[in-house]
Structure formats: structure tokens, C-alpha cells
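# Residue-level structural notes
As a plain string of letters, each chain reads:
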Amino acid sequence: MDYSTYFTNYSTEEISADLLGRPLTYNDGKRTLGGYIVEAEAYLGKKDRAAHSYGGHRSPANEGLYGRGGTIYIYAQRQYFFFDVATQAKDEPQGVLIRAIEPAWGVEQMISNRSGKNGILLTNGPAKMMQAFGIHDKNWDLHFLSDSPFAIDLNDQHQKRPQEIAKSARIGVNQSELEWANKPLRFFVAGNPYVSRMKKNDYRANNGWQ
DNA sequence: GATTTGATTGTCT
DNA sequence: GACAATCAAATCC
């Protein structure tokens with residue numbers, strides 16, 4: 001399936017859950033870095049109080065959300081960057097935030113990009129993942145996935161399969177609007193140590209993969 | 001292990 | 001000038 005079909009023909013919640021276990025890679029010009037997606041959050045556009053596009057808000061900074069499904073939306077907050085992929089048709093500003101991956105390719109380079117931090121600290125958070133890739137700008141914002149060094153492998157033969165997909169409220173969203181803050185729009189691989197805020201007691205054998 | 005706090009910058013008003 | 005889809009170090013059990 002091509003990116004455009006995958007990120008347009010399914011609901012944003014379905015896409016967020018289905019991405020778990022699929023490889024996300026970034027080519028830094030010399031080598032391929034990346035791993036398996038273990039955590040993703042859905043942001044449901046104009047009606048979603050926690051989304052940057054709530055109420056139809058639109059600016060140069062969040063234009064990526066308004067792109068067609070498969071468009072990259074890179075957002076800056078403080079000194080950190082996040083990696084999102086727009087979902088749904090052009091001008092329907094929904095998207096998926098990739099929050100964490102289980103490192104698999106170019107691990108040594110990613111550790112180096114993270115100043116030597118390794119283990120789960122390498123990629124168990126959205127800004128940590130971007131640091132591991134060595135990204136410190138919005139250069140690839142607004143580009144389509146296939147026209148960028150990023151790749152999400154949609155071949156079912158290449159993905160890991162979660163034992164269980166767990167859901168929870170999204171992390172870090174404004175708690176003043178509880179109806180949206182509490183919606184279970186965060187999807188993660190149950191028991192995978194690279195999921196942000198995963199407790200040791202909840203770790204599962206084989207990192208939660210089948 | 002859980003909770004708190006300071007760092008620090010793009011973006012919008 | 002205020003705030004934010006965070007992180008890491010410090011502190012307190």
C-alpha cells in the first residue's frame with residue numbers, strides 16, 4: 001500500500017494503532033537510523049481540544065497538519081522537536097505523533113547523537129527520538145514521506161506484532177479540558193520498555209512482541 | 001521509584 | 001511577554 005492510501009483511507013485512531021511494530025527509519029546521509037514504532041498518539045483536528053489545529057487554527061508553524069495524508073509535520077517546542085505524520089485528506093488537519101521507537105538500526109550512531117545515552121533512554125520519548133536521529137531543525141516539515149529521508153515500512157512482512165495494543169490518555173496535553181485530555185488516543189505496545197513512562201513492573205517478555 | 005523543578009526557544013498575541 | 005504535544009537532574013521518600 002502506498003503512503004497516500006494508508007494515511008488517508010483509515011481513521012486516525014486506526015492508523016495510530018496499526019503503526020505499532022512497523023519500522024520507522026531516517027537516513028542521515030551516511031547511514032540508516034531507526035527502529036520499530038512502539039508508541040503513537042492520534043490528534044483529531046479541529047474538534048480536538050489538544051490538537052494544534054483545534055478550532056481550525058492555522059499558521060506557518062502547523063501548516064503540515066493541513067497537508068494530505070503522509071505529509072510530515074515537524075513541530076518545535078522549547079529546544080526540542082517532534083515528528084508527526086498528517087492523516088486524512090488535504091485541509092483535514094488530523095495527524096499522528098510518533099512518540100517512541102525500539103532502536104534497531106544505526107544504534108551506535110544514535111547513541112552518539114544522544115551524547116552517549118543508551119538503553120531505554122535512547123528513544124523513549126518524542127524529542128529523544130529526534131535527537132537520536134540527529135535532527136535539530138524543521139528542514140523536512142511539509143515534505144511528503146516518500147520525498148524525505150524518513151521511511152515507514154508498510155510491508156506487513158517486515159513488522160513486529162504486539163502481543164497487545166494498550167490505550168491511555170495522551171501525555172503532556174492541557175488538563176483544563178478533561179473531556180479531550182482523558183480520551184484514550186495514545187496507543188502503545190503493552191510491556192515494551194521503550195514506551196515513555198513504562199514501569200519496570202509492567203515490562204513483558206520479548207518486549208511485548210509476539 | 002515517585003515527584004518536583006529548572007532549563008531554554010520557537011511561536012503567537 | 002507568555003506559553004508549550006519535553007527532558008534530565010535533584011530531591012525525597
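Use the structure listed above.
So, a few notes on the structure that sits alongside this text. Here the structure is a predicted model, which is why all the values come from computation and not from measurement. (Residues numbered from 1 in each chain as written. Chains lettered and ligands numbered in written order. Predicted model: local features only at pLDDT ≥ 70, side-chain atom pairs only at ≥ 80, totals over all residues. Heavy atoms only, no water.)

All right, on to the protein's contact with DNA strand C then. Surrounding DNA strand C, one finds 20 residues, the nearest of these being His52, Phe82, Asp84, Arg114 and Lys128. Here the atoms of DNA strand C within 4 Å of the protein split so that 56% fall in sugar or phosphate, with bases taking the remainder. In the model, a base nitrogen of DNA strand C is placed 2.7 Å from a nitrogen or oxygen of the histidine 52 side chain. Measuring from a phosphate oxygen of DNA strand C, one finds a backbone N or O atom of proline 126 at 3.4 Å. Elements supplying a minimum of two residues to the surface near DNA strand C: β3 (72–77), β4 (80–87), β5 (94–105) and α4 (126–133). For the surface near DNA strand C, a count of residues per class yields nine nonpolar, five polar and six charged. (Near = heavy atom within 4 Å. Polar contact = N/O pair within 3.5 Å; in protein donor to acceptor, adjacent residues only side chain to side chain. Helix = DSSP H or I, 4+ residues; strand = E, 2+ residues; numbered from the N terminus. Nonpolar A, V, L, I, M, F, W, Y, C, P; charged D, E, K, R; others polar.)

Where β3 meets β4, six bridges bridge the pair, whose relative direction is antiparallel. Residue pairing for β4: glutamine 77 is matched across the bridge by tyrosine 80. Hairpin connection, β3 to β4: the antiparallel pair is bridged by two residues, and arginine 78 has positive phi, about 50°. (Pairing = 2+ DSSP bridges.)

Around DNA strand B, the structure places Ser59, Ala61, Ala76, Arg78, Gln79, Lys138, Lys199 and Lys200. In DNA strand B, the atoms that sit within 4 Å of the protein are 74% sugar and phosphate, with bases accounting for the remainder. Within the side chain of lysine 138, a nitrogen or oxygen atom sits 2.8 Å from a phosphate oxygen of DNA strand B. Class assignment for the residues of the surface near DNA strand B results in two nonpolar, two polar and four charged.

The subject of this paragraph is the packing of aromatic side chains. Scanning all chains against the criterion turns up twelve aromatic pairs. Aromatic rings pair up to connect Tyr3, Tyr6, Phe7, Tyr10 and Phe144 into one cluster. If you follow arginine 58 out to its NZ or CZ, it ends over the ring of tyrosine 66, 4.1 Å from the centre. The ring of phenylalanine 144 carries the charged tip of arginine 68 above its face, separated from the ring centre by 3.8 Å. (Phe/Tyr/Trp six-rings, centres within 6.5 Å; stacked < 30°, edge-to-face > 60°. Lys NZ or Arg CZ within 6 Å of the ring centre and 35° of its normal.)

The next subject is unusual backbone geometry. The residue aspartate 91 is not glycine, and still its phi comes out positive at about 75°. For aspartate 91, a relative accessible area of 36% translates into the label partly exposed. Phi is positive for arginine 197, which is not a glycine, with a value near 65°. With respect to the helices and strands, the residue arginine 197 is situated in the segment after β8 (186–189). (Buried < 20%, exposed > 50% of the residue type's maximum accessible area, 1.4 Å probe, protein only.)

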